[in-house]
Amino acid sequence: MARMPFTSPPYSAVSESRAINKGGFKMRKDFGKKTWFYPLPVLIVGSYDENGKADAMNAAWGGIYDQDHVILCLSANHKTTQNIKASGAFTVSFADLAHLVEADYGGLVSANDVGDKLEKAGFHATRSLLVDAPVIEELPMTLECRLVKVNEDGKLIGEIINVSADESILN
Ligand SMILES: Cc1cc2nc3c(=O)[nH]c(=O)nc-3n(C[C@H](O)[C@H](O)[C@H](O)COP(=O)(O)O)c2cc1C
């Protein structure tokens, strides 16, 4: 017998059906279409501008794209986006609790407005040996990436060339 195509019911119908099925079941609550994905790391994307000045910004919208690539969804007007398109490289580190304040600054302030953003944030950078992008010294794990593609919708795809980790997180 031919398989019937699955048509997803409208959100209101799903909610109503959950309400009817209350008795004896552990209830779930529906929130509709959200960009919720937990746990969600805060990525710190490092890049160099045209003068070799390091920048670092927060990105929640990004992650693994396939076996050795990452994807970033960055607004076109960010300094980071312009840097990556020009340099062809970026790094991805992960904000940790110990650097909450520094990481937060990276998401609130743009290097388009504050030239020494990285220093103001309290981060220090050294150049990756493999790609033209900064490694943020305070953050213990970093993906060093080469930009391979800008998708038609503006998403940046980078190949992971190396992962470096501080000894403090290796045991
Ligand atoms: C928690 C957090 C997550 C963010 N995620 C993104 C993101 O995924 N994409 C994006 O374009 N901007 C994101 N932003 C905003 C940028 O980090 C912010 O605009 C930053 O100032 C850009 O810096 P830049 O212009 O120096 O590159 C996020 C901000 C915060 C605080």
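Above this note sits the structure.
This is a predicted model, so every value here is computed, not measured. (Residues numbered from 1 in each chain as written. Predicted model: local features only at pLDDT ≥ 70, side-chain atom pairs only at ≥ 80, totals over all residues.)

1. Digging into the overall build of the chain
Working step 1: Summing up its helical and strand segments, the chain has four helices and nine strands in all.
Working step 2: Classification of the 171 residues of the chain by burial places 29% in the buried group. (Helix = DSSP H or I, 4+ residues; strand = E, 2+ residues; numbered from the N terminus. Buried ≥ 20, exposed ≤ 12 C-beta atoms within 10 Å, placed from the backbone.)

2. Quick notes on the sheet that holds strand 1 (residues 43–48)
Working step 1: Taken in spatial order, the seven strands line up as 2-1-5-8-9-4-3 in an open sheet, and their pairing is antiparallel. Every other strand in the sheet has two partners, leaving strand 2 (54–59) and strand 3 (62–66) as the edge strands with one partner each. Strand after strand, the sheet turns through a mean of 35° between neighbouring axes, direction not considered.
Working step 2: Sheet topology places strand 1 next to strand 5 (residues 89–94); four bridges connect them, and they run antiparallel. Considered in strand 5, the bridge of Leu43 is made with Phe94.
Working step 3: Strands in contact with helix 2 (residues 79–87) are strand 1, strand 2, strand 5, strand 8 (141–150) and strand 9 (156–165); relative to strand 1, the strand with the most contacts, it is inclined by about 55°. (Pairing = 2+ DSSP bridges. Axes fitted to C-alpha atoms, helices over the stretch in contact; angles between N-to-C directions. Contact = placed C-beta atoms within 7 Å.)

3. Things to note about the pairing of strand 9
Working note: regular strand, side chains alternate between the two faces of the sheet.
Working step 1: Pairing analysis gives four bridges linking strand 4 (residues 69–72) to strand 9, with the strands arranged antiparallel. Counterpart to Val70 in the pairing with strand 9 is Gly158.
Working step 2: With nine bridges joining them, strand 8 and strand 9 adopt antiparallel strand pairing. Counted as the bridge partner of Glu144 is Asn162 from strand 9.

4. Some remarks on the site of the ligand
Working step 1: Taken together, 20 residues surround the ligand, and among them Trp61, Thr80, Gly107, Ser110 and Ala111 come closest.
Working step 2: The leading source of residues in the shell around the ligand is strand 2, at four residues.
Working step 3: Among the residues making up the shell around the ligand, the classes are represented as nine nonpolar, eight polar and three charged. (Near = placed C-beta within 6 Å. Nonpolar A, V, L, I, M, F, W, Y, C, P; charged D, E, K, R; others polar.)

5. A short note on helix 3 (residues 100–108)
Working step 1: Looking only at helix 3, the buried set comprises Glu102, Ala103, Tyr105 and Gly106. Looking down the long axis of helix 3, one finds its buried residues gathered within 155° of arc, a one-sided arrangement. Residues Leu100, Val101 and Leu108 are exposed on helix 3 and point more than 90 degrees away from its buried face.
Working step 2: Those residues of helix 3 that are buried are in contact with strand 1, strand 2 and helix 4 (117–121). (Arc of directions from axis to C-beta.)

6. Focus: unusual backbone geometry
Working step 1: With an omega dihedral of -5°, the bond running from Tyr38 to Pro39 counts as a cis peptide bond.
Working step 2: Summarising the element assignment, Pro39 is placed in the loop between helix 1 (11–20) and strand 1.

7. Looking at the environment of Met57
Working step 1: Topologically, Met57 is positioned in strand 2.
Working step 2: For the pair Met57 and Val42, spaced 15 residues apart in the sequence, the C-alpha separation amounts to 9.7 Å.
Working step 3: Dropping the residues within four chain positions of it, Met57 is found in contact with Val45, His78, Thr80, Gly106 and Gly107.

8. Here's the deal with the pairing of strand 2
Working step 1: Across the six residues that make up strand 2, a large majority, five, are buried.
Working step 2: Counting the residues between successive antiparallel strands, the hairpin from strand 1 to strand 2 contains five residues, one of them, Gly52, with a positive phi of roughly 80°.

9. Quick notes on the environment of Val42
Working step 1: Structurally, Val42 can be placed in the loop between helix 1 and strand 1.
Working step 2: A count of 17 C-beta atoms within 10 Å places Val42 in the partly exposed class.
Working step 3: Those residues within four positions of Val42 in sequence are excluded, and the remaining contacts are Asn58, Ala60, Ala95 and Ala103.

10. Quick word on the nonpolar core
Working step 1: Counting 31 residues, the largest nonpolar core has Ile44, Val45, Ala56, Phe90, Val92, Ile136 and Cys145 as the members making the most contacts within it.
Working step 2: Only strand 1, strand 2, strand 4, strand 5, helix 3, helix 4, strand 7 (134–136) and strand 8 provide two or more residues apiece to this core.
Working step 3: Setting aside residues up to four positions removed in sequence, Ala56 forms contacts with Ile44, Val45, Gly46, Gly106, Leu118, Ala121, Phe123 and Ile136. (Core = buried A, V, L, I, M, F, W, Y, C linked by C-beta atoms within 7 Å.)

Honestly, that's just the spatial picture; any functional story needs more than this.
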